[in-house]
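An overview of the molecular structure
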Amino acid sequence: MVHRPLRLTLDSDALVSNWHWLAHKGGGAACGAAVKANAYGLGARAVVKRLQDAGCRDFFVSTWAEVEALEPWPGDLALSVLHGAGPDDMAVAATRIARPVLNSPEQVRRWRETGRPCDVMVDTGMNRLGLAPADVAAGLLDGLRIETLMSHLACAEEDTDTNEAQRKGFREVAAKVKAKRLSLSNSAGVCLGPRFAFDLTRPGVALYGGIPRREAAPHIRQVARVEAQIIQRRRIGRGDRVGYGGTFLAERDHELAILNIGYADGYLRGFSNAGRAKAGDTPLPVVGRVSMDLTAISVDAAPDLKEGDWIELDYDLPEAAAQSGLSQYELLTTLGSRFARRWT
Ligand SMILES: *Cc1c(COP(=O)(O)O)cnc(C)c1O
């Protein structure tokens, strides 16, 4: 088997422990899992398997291609397609176990013809996807077989009156709809407590180690560890520059190591002169710009490192977000295909 010089180590225990904590925070609500975008880049099939074993029964993807990638889908698990069923999806959607989350009057009319069960999204203030409450009140959903009625919080990461307003708006719409279950909260919403959980929660990023709100920080464990191998060592002197654009200018001698990772792997240019690797607890700062496939770090503090050694990049999500200016979501979903992904 060909050797891969960069690897993603994925912690099954941390994933499952995060799910249990989120389930607990939701009070009596069932806890689902958003596994769209290949489970935020970590590998949807592996994530579904582990969460299924932990007791998770409700999963969410965005598109029908993501459904197909997860087939054969276990008959005892629910799978919802957040983008619903567009005109080009119908042939496939009408033959699958997965349910569309209907988002517009067009989708509702199209799906009603099938007589099949569905979920429905109502908009309570985000103005992204979802039906207008007025359309629902006017009877748009009459005759549909609705499993889960849902809405989505726009600002759950913040302390703002918007959250309570959306919760109230959702309750009002829900009172007019016949649905088996109600669902409002993503990861950050779950942290707002059981009042926001209704019957089913839909966390994503916190399962994978993201900290959506301060309250979660002591409980959510990091799932992904990013490591790359050293390709070569070099020494630079005062006045030397490093990388494209020469953005790092040495003011003294430095020992460098060049790592087998770059922006094509999702280690994006925001980490240029800002990211950190580590050797044990010793931080090894990124110097110069991150290239497509290569990143230079200073190893002044770890003189024994050599070609072939594995180096861990600091990818603690809130920390790495602060370093790079990227969101925790972007940090996960951009992780590329060149990693060897290994679940522990
Ligand atoms: C992505 C998504 C989620 C999960 O959101 P996180 O913030 O990652 O927890 C839940 N619900 C909907 C509708 C989504 O699009």
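Residues numbered from 1 in each chain as written. Predicted model: local features only at pLDDT ≥ 70, side-chain atom pairs only at ≥ 80, totals over all residues. Heavy atoms only, no water.

1. A closer look at the site of the ligand
Neighbouring the ligand are 14 residues; K36, Y40, S187, G204 and Y329 lie closest to it. Interatomic distance of 3.2 Å between a side-chain N/O atom of N186 and an oxygen atom of the ligand. Side-chain polar atom of S187 to an oxygen atom of the ligand: 2.5 Å apart, as the coordinates give it. Relative to its unbound accessible surface of 390 Å², the ligand loses 93% to contact with the protein. (Near = heavy atom within 4 Å. Polar contact = N/O pair within 3.5 Å; in protein donor to acceptor, adjacent residues only side chain to side chain. Areas by Shrake-Rupley, 256 points an atom, 1.4 Å probe, with all protein chains shown as cover.)

2. Description of unusual backbone geometry
Here E71 and P72 are connected by a cis peptide whose omega angle stands at 0 degrees. Within the secondary structure, P72 is located in the loop between α4 (64–69) and β5 (78–81). Phi is positive for A37, close to 50 degrees, though the residue is something other than glycine. Its place among the elements puts A37 in helix α2 (residues 36–40). With phi around 55 degrees, N38 is a residue other than glycine that occupies positive phi space. Take N38: it is sitting in helix α2. (Helix = DSSP H or I, 4+ residues; strand = E, 2+ residues; numbered from the N terminus.)

3. Comments concerning the environment of A322
By the element assignment, A322 lies in helix α10 (residues 317–324). On the basis of relative accessible area, A322 is assigned to the exposed category, the value being 64%. (Buried < 20%, exposed > 50% of the residue type's maximum accessible area, 1.4 Å probe, protein only.)

4. Comments concerning α10
Among all positions of α10, only L317, A320, A321, Q323 and S324 are buried. Looking straight down α10, one finds that the buried residues subtend no more than 160 degrees of arc, so they occupy a single side. (Arc of directions from axis to C-beta.)

5. Describing the side chain of Q107
Note on placement: Q107 falls in helix α6 (residues 105–112). Residue classification places Q107 among the buried residues on the basis of a relative accessible area of 10%. A polar contact of 2.8 Å, which involves the side chain of Q107, links it to the backbone nitrogen of N103. Apart from the residues lying within four places of it in its own chain, the contact partners of Q107 are H83, G84, A85, G86, V101 and L102. (Contact = heavy atoms within 4.5 Å.)

6. Focus on the domain arrangement of the protein
It is common to give the size of an interface as the accessible area that goes away when the parts come together. The domain architecture assigned to the protein consists of domain 1 (12–215) and domain 2 (224–343). On a C-alpha basis, the centres of domain 1 and domain 2 stand 36 Å from each other. Taking both partners together, domain 1 and domain 2 bury about 1,100 Å²; carbon and sulfur atoms supply 64% of that area. Per-residue buried area on domain 1 facing domain 2 is highest for Y40, L42 and V205; these three make up 39% of the total on that side. Taken together, the connections running from domain 1 to domain 2 amount to zero salt bridges. Taken together, the connections running from domain 1 to domain 2 amount to three residue pairs in polar contact (both at pLDDT 80 or more). Going through the elements one at a time, α1 (12–25), α2 and α3 (44–54) are the ones with two or more residues in the side of domain 1 that touches domain 2. (Domains from an automatic or database assignment. Buried area = accessible area lost by both parts, 1.4 Å probe. Salt bridge = Lys/Arg side-chain N within 4 Å of Asp/Glu carboxyl O.)

7. Points about the pairing of strand β11 (residues 224–236)
One face of the sheet, then the other: side chains in a regular strand alternate in exactly this way. As defined by bridge partners, strand β1 (residues 6–10) adjoins β11 across five bridges and the pair is classed as antiparallel. In the strand pairing of β11, L8 is matched with V226. Pairing geometry for β11 and strand β14 (residues 254–259), over six bridges, is antiparallel. Looking at β14, one finds that Q232 is bridged to I258. (Pairing = 2+ DSSP bridges.)

8. A look at the packing of aromatic side chains
The final tally for this structure, using the stated rule, is six aromatic pairs. Their ring planes at 35 degrees and their centres at 6.3 Å tell us that Y40 and Y329 sit as a pair that is tilted. With Y40 in helix α2 and Y329 in helix α11 (residues 328–333), this residue pair connects regions lying 289 residues apart in the sequence. Here Y40 falls in the buried class, since its relative accessible area comes to 6%. Ring-pair connections join several aromatic residues into one group, and the members of that group are Y40, Y208 and Y329. It is R7 that lies over the ring of W310; its NZ or CZ is 3.9 Å from the centre. The ring of F196 carries the charged tip of R167 above its face, separated from the ring centre by 5.9 Å. (Phe/Tyr/Trp six-rings, centres within 6.5 Å; stacked < 30°, edge-to-face > 60°. Lys NZ or Arg CZ within 6 Å of the ring centre and 35° of its normal.)

9. Here we look at the environment of V242
Position of V242 relative to the elements: it lies in strand β12 (residues 241–242). In this structure, the C-alpha to C-alpha distance between V242 and L256, residues 14 residues apart in sequence, is 9.7 Å. Apart from residues lying up to four places away in sequence, V242 is in contact with I236, T247, F248, L256, V287, G288, R289 and A296.

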